[in-house]
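The lines below spell out each chain.
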Amino acid sequence: MARRGAPVDVVGVGRTFALGGGEVEALRGLDMHVPAGGFTALIGPSGCGKSTALRLVAGLDAPDEGTIDMDGASPDQMRRGQRIGVAFQDPSLLPWRTVSTNIRLALELVGRRHDTKAVSDLIELVGLQGFEKARPAQLSGGMRQRVAIARSLVTEPDLLLLDEPFGALDALTRQQLNDELQRIWTARGTTTILVTHSIPEAVYVADEVLVMSPRPGRVVAHHGIDFERPRTRELLLTDRFHAEVEAVSASLHRSEGQVVQLDTDPS
Amino acid sequence: MSDTAQATAKAPVRSGASGLDRVPPRVLSAAVGIAVLALWELLARTVYAGSYRLSPPTLVVVDFFEYRDLYLRNLWHSTKTAAWGFLWGNLAAIALAGVASIIPVLRRSIGAVALTIFCLPFIAVAPILRLITGPGNGTPITLSALAVFFTTYVAALLGFDTAPGSALDVVRSFGRGRLAAFRRVRLRASVPAMIAGLQIAAPAAFLGAVVGEFTGARSGLGILTVRALGALHTERIWVIALMSTIVATGGYMVIGALGRWLCPWAPALDVGAVPAARQEPGLLNRLAALLAPIIVVFVFWYAFLWVFQIKPFFAKTPLDVWAELFTNADAAETRSSVFGALGTTMWTTSLGYVAGLIGAVVTAVVFVLIPWLERALMPIAVALRSIPIIVTTPVIILFVGRGLLTTTAIVAVMSFFPTLVNCYAAMNRTPEGILDVLRSYDAGSAAHVRNAYLPTAVPALLASARIAVPTSLLGATVAEWLATGDGIGAVMVIAFTRNDYNVLWVSVAVLTLVAVIGYWLVAALELRTLERMAPGTSR
């Protein structure tokens with residue numbers, strides 16, 4: 001399968017928010033590289049700036065320092081070029097639209113409202129045939145999340161950004177959607193960044209897992225995951241999978257220890 | 001253009017797109033206020049000089065000081081009247097809400113009576129009440145009490161209902177009943193909603209008092225206004241309108257501050273934006289839901305006539321109204337005059353409401369897209385929303401003149417401010433995730449408005465519209481009664497002066513029925529929309 005999409009290069013990015021009179025430094029010196037068509041998972045303790053990082057890459061927010069480059073384009077240019085697809089933990093569907101018109105929203109926004117085939121293909125890809133006319137309120141949490149993923153993919157973006165899209169789902173549905181996500185990524189080959197809390201999820205779906213430090217967040221460990229694809233649920237039971245999960249877990253614990261170090265030694 | 005939309009909802013401090021974003025809101029509002037006053041003075045001294053339509057603010061102030069004894073005496077009188085009405089109306093509303101909460105079977109019937117009271121054309125009820133209370137202060141006090149009744153009832157019941165279920169379960173687990181649950185949990189939990197209700201009751205009480213005085217009183221701002229209107233004493237009408245505004249808004253603000261002091265944890269609640277109550281399913285339930293309130297209202301009607309022993313010449317029963325409309329010798333004549341006038345009133349009222357609605361939605365959209373404008377003007381809109389516009393009807397009559405347009409203008413002004421405030425608040429609650437999705441495709445302002453802001457505002461628009469049906473009809477009938485000589489308000493004032501109590505009762509009954517039906521139609525539409533768009537938000 002030919003890989004497509006844009007490579008993402010994040011260099012020395014920092015972002016500070018003003019909060020009730022004080023300041024919160026969310027990111028400091030964040031570096032990461034995602035190759036074209038790569039699948040990178042971003043993992044880290046709560047509040048470490050994972051979502052902030054993703055919003056910066058999506059062009060929804062701008063860094064205070066550092067650069068983000070995608071094949072020569074800035075995130076804002078990518079966003080304005082309508083080359084990014086996003087899905088968040090909250091599926092953020094329009095409650096007054098049906099499944100298919102929610103997916104079509106993205107096409108309407110990029111000026112391809114009549115591409116009905118793209119919509120029906122995506123509905124099939126995420127397994128929602130028969131629910132085209134249903135409204136979000138009639139769907140389960142997992143189905144809503146499928147709609148959100150379909151919406152993020154329908155414009156065939158060069159970059160897919162997923163912010164804990166399965167965070168609110170039960171373990172079984174989550175595993176099911178991880179399988180789907182892997183299948184979709186294999187079929188489409190879009191550069192993908194997934195923010196997640198779950199180490200097994202990250203190891204299962206991604207090519208590379210980046211571990212972030214507590215606030216101010218930066219990448220403190222890289223784990224290349226080279227299990228062959230397609231990965232199946234049998235992989236979850238293997239020792240090499242557990243070893244990889246253990247390794248990432250150890251990095252994560254080490255990173256949590258670094259908060260003390262960072263506070264005492266600001267270099 | 002999406003930069004502006006982005007700045008509305010999210011505020012990374014650095015993104016000061018416009019220098020005006022950094023000016024404190026108070027300074028902006030004050031600047032706008034001064035600009036409006038200056039423009040007013042200028043217009044009154046040039047375009048409208050010597051035309052009775054607009055008094056320059058300076059002359060209004062001069063007039064106030066010249067006649068301050070007269071003004072303050074009458075203001076004190078009306079305020080006292082409103083205070084008594086406020087007290088009795090709210091006590092009755094809270095007591096009945098308590099009964100409805102403890103004995104759920106009675107809930108629908110009490111609710112129907114409350115809604116019927118809310119839908120009464122107060123201006124025409126005043127002469128009927130005067131038969132009972134005599135020429136003194138009783139009628140304005142009663143009207144003032146009736147004016148606060150419905151909203152306080154709704155707010156109190158909402159408060160009782162929002163009591164946490166777990167706390168109610170604790171009371172029940174100790175083997176205690178509804179009464180204990182009410183005393184120990186519901187009453188306490190209802191305080192924030194109750195205060196929100198009392199807050200809008202303050203201007204409403206003032207409105208009731210002044211409308212009561214419009215139809216005759218020994219003193220008070222209402223009767224002073226009617227005399228000034230007759231004498232075309234322009235400054236006096238402006239002084240009275242401004243004093244009424246200040247006192248009514250002052251009451252609103254004092255109770256609001258009291259609420260923030262008493263329960264600072266409670267979120268601000270807008271009783272005007274409370275969703276409609278859900279209907280129980282089933283044909284039998286629906287039939288009972290329809291019939292029980294009608295029966296209760298008729299029982300109340302007869303009880304009212306019986307308790308006060310009004311002479312048959314003045315007192316008309318439901319049967320008398322029916323006869324006057326359908327079986328009496330002059331029934332056809334009554335029908336054509338009442339329904340013809342009703343048609344005019346409904347037409348001018350709808351026109352005014354739609355104009356106010358469109359204006360409000362457009363303004364809300366502009367505010368969402370241009371934040372500094374919102375910060376400058378919204379505080380003014382919020383303050384103006386609490387003004388009982390009906391009290392300022394004479395000012396609008398002066399400015400617009402006496403004609404069909406007067407009614408339309410009054411209803412438009414009445415609907416504009418509450419709709420704007422509710423609509424903007426709803427648009428501002430558009431889920432951040434939806435906005436992020438739109439931004440991630442670089443969607444423009446138009447796409448934001450079409451796909452996010454407008455649809456999000458629809459439930460709030462319908463909630464405002466439901467409340468606006470009775471209040472708009474009240475505004476229209478007051479304008480017609482005082483000034484225009486058209487519509488059902490004029491039919492009622494003519495019937496009143498000719499002692500034609502048949503036509504007066506028929507008009508009151510028909511108008512009330514129209515308002516109730518309008519209220520229920522909008523409520524039904526609102527429930528359907530909520531089911532579709534935001535399941536689980538109806539009560």
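The structure presented is a predicted model; accordingly, all values stated were derived computationally and were not measured.

### Details of the domain arrangement of chain B
Residue and element names in this part refer to chain B.
And then number 1: Annotation of chain B at the domain level lists domain 1 (52-266) and domain 2 (329-539).
And then number 2: Between domain 1 and domain 2, the C-alpha centre-to-centre distance is 20 Å.
And then number 3: Taken together, the contacts link 39 residues of domain 1 with 35 residues of domain 2.
And then number 4: Here domain 1 meets domain 2 over a buried area of about 3,400 Å², counting both sides, of which 82% is carbon and sulfur.
And then number 5: In this structure, the connection of domain 1 to domain 2 is made through zero salt bridges.
And then number 6: Applying the counting rule to domain 1 against domain 2 returns zero residue pairs in polar contact (both at pLDDT 80 or more).
And then number 7: Mapped by element, the contributors of at least two residues to the side of domain 1 that touches domain 2 are helix H5 (107-119), helix H6 (122-133), helix H7 (138-161), helix H10 (191-214), helix H11 (221-230) and helix H12 (234-262).
And then number 8: Considering each element in turn, the side of domain 1 that touches domain 2 owes the most residues, ten residues, to H12.
And then number 9: When its residues are assigned to classes, the side of domain 1 that touches domain 2 shows 30 nonpolar, seven polar and two charged.

### Observations concerning the sheet that holds strand S5 (residues 84-87) of chain A
All names here are of chain A.
And then number 1: Judged by pairing direction, the sheet is mixed, and its six strands sit side by side in the order S5-S6-S7-S3-S8-S9 without closing on themselves. Sheet topology places S5 and strand S9 (219-224) at the edges, where each strand pairs with a single neighbour. Within this sheet the neighbouring strands show an average axis-to-axis angle of 15°, counted without direction.
And then number 2: Summarising the sheet, S5 and strand S6 (residues 159-163) pair through four bridges and their orientation is parallel. Paired with Gly-85 across the two strands is Leu-160, which belongs to S6.
And then number 3: Against the sheet, helix H5 (residues 141-153) touches S5 and S6, its axis set at about 170° to S5.

### Comments concerning the interface of chain A and chain B
And then number 1: Contact residues are listed per partner, giving 31 residues for chain A and 25 residues for chain B.
And then number 2: When residues of chain A are sorted by the area they lose upon contact with chain B, Arg-79, Trp-96 and Leu-109 of chain A head the list and together hold 28% of the total.
And then number 3: Between the two partners, chain A and chain B, sit three salt bridges.
And then number 4: Here Asp-436 of chain B and Arg-55 of chain A are joined by a salt bridge, their closest N and O atoms 2.4 Å apart.
And then number 5: Across the chain A-chain B interface, the total number found is six residue pairs in polar contact (both at pLDDT 80 or more).
And then number 6: Sorting the residues of the side of chain A that touches chain B by element identifies strand S1 (8-19), helix H2 (75-80), S5, helix H3 (99-109) and H5 of chain A as the ones contributing at least two each.
And then number 7: No other element matches the four residues that H3 of chain A contributes to the side of chain A that touches chain B.
And then number 8: When its residues are assigned to classes, the side of chain A that touches chain B shows 16 nonpolar, five polar and ten charged.

About the cut-offs
- Residues numbered from 1 in each chain as written.
- Chains lettered and ligands numbered in written order.
- Predicted model: local features only at pLDDT ≥ 70, side-chain atom pairs only at ≥ 80, totals over all residues.
- Heavy atoms only, no water.
- Domains from an automatic or database assignment.
- Contact = heavy atoms within 4.5 Å.
- Buried area = accessible area lost by both parts, 1.4 Å probe.
- Salt bridge = Lys/Arg side-chain N within 4 Å of Asp/Glu carboxyl O.
- Polar contact = N/O pair within 3.5 Å; in protein donor to acceptor, adjacent residues only side chain to side chain.
- Helix = DSSP H or I, 4+ residues; strand = E, 2+ residues; numbered from the N terminus.
- Nonpolar A, V, L, I, M, F, W, Y, C, P; charged D, E, K, R; others polar.
- Pairing = 2+ DSSP bridges.
- Axes fitted to C-alpha atoms, helices over the stretch in contact; angles between N-to-C directions.

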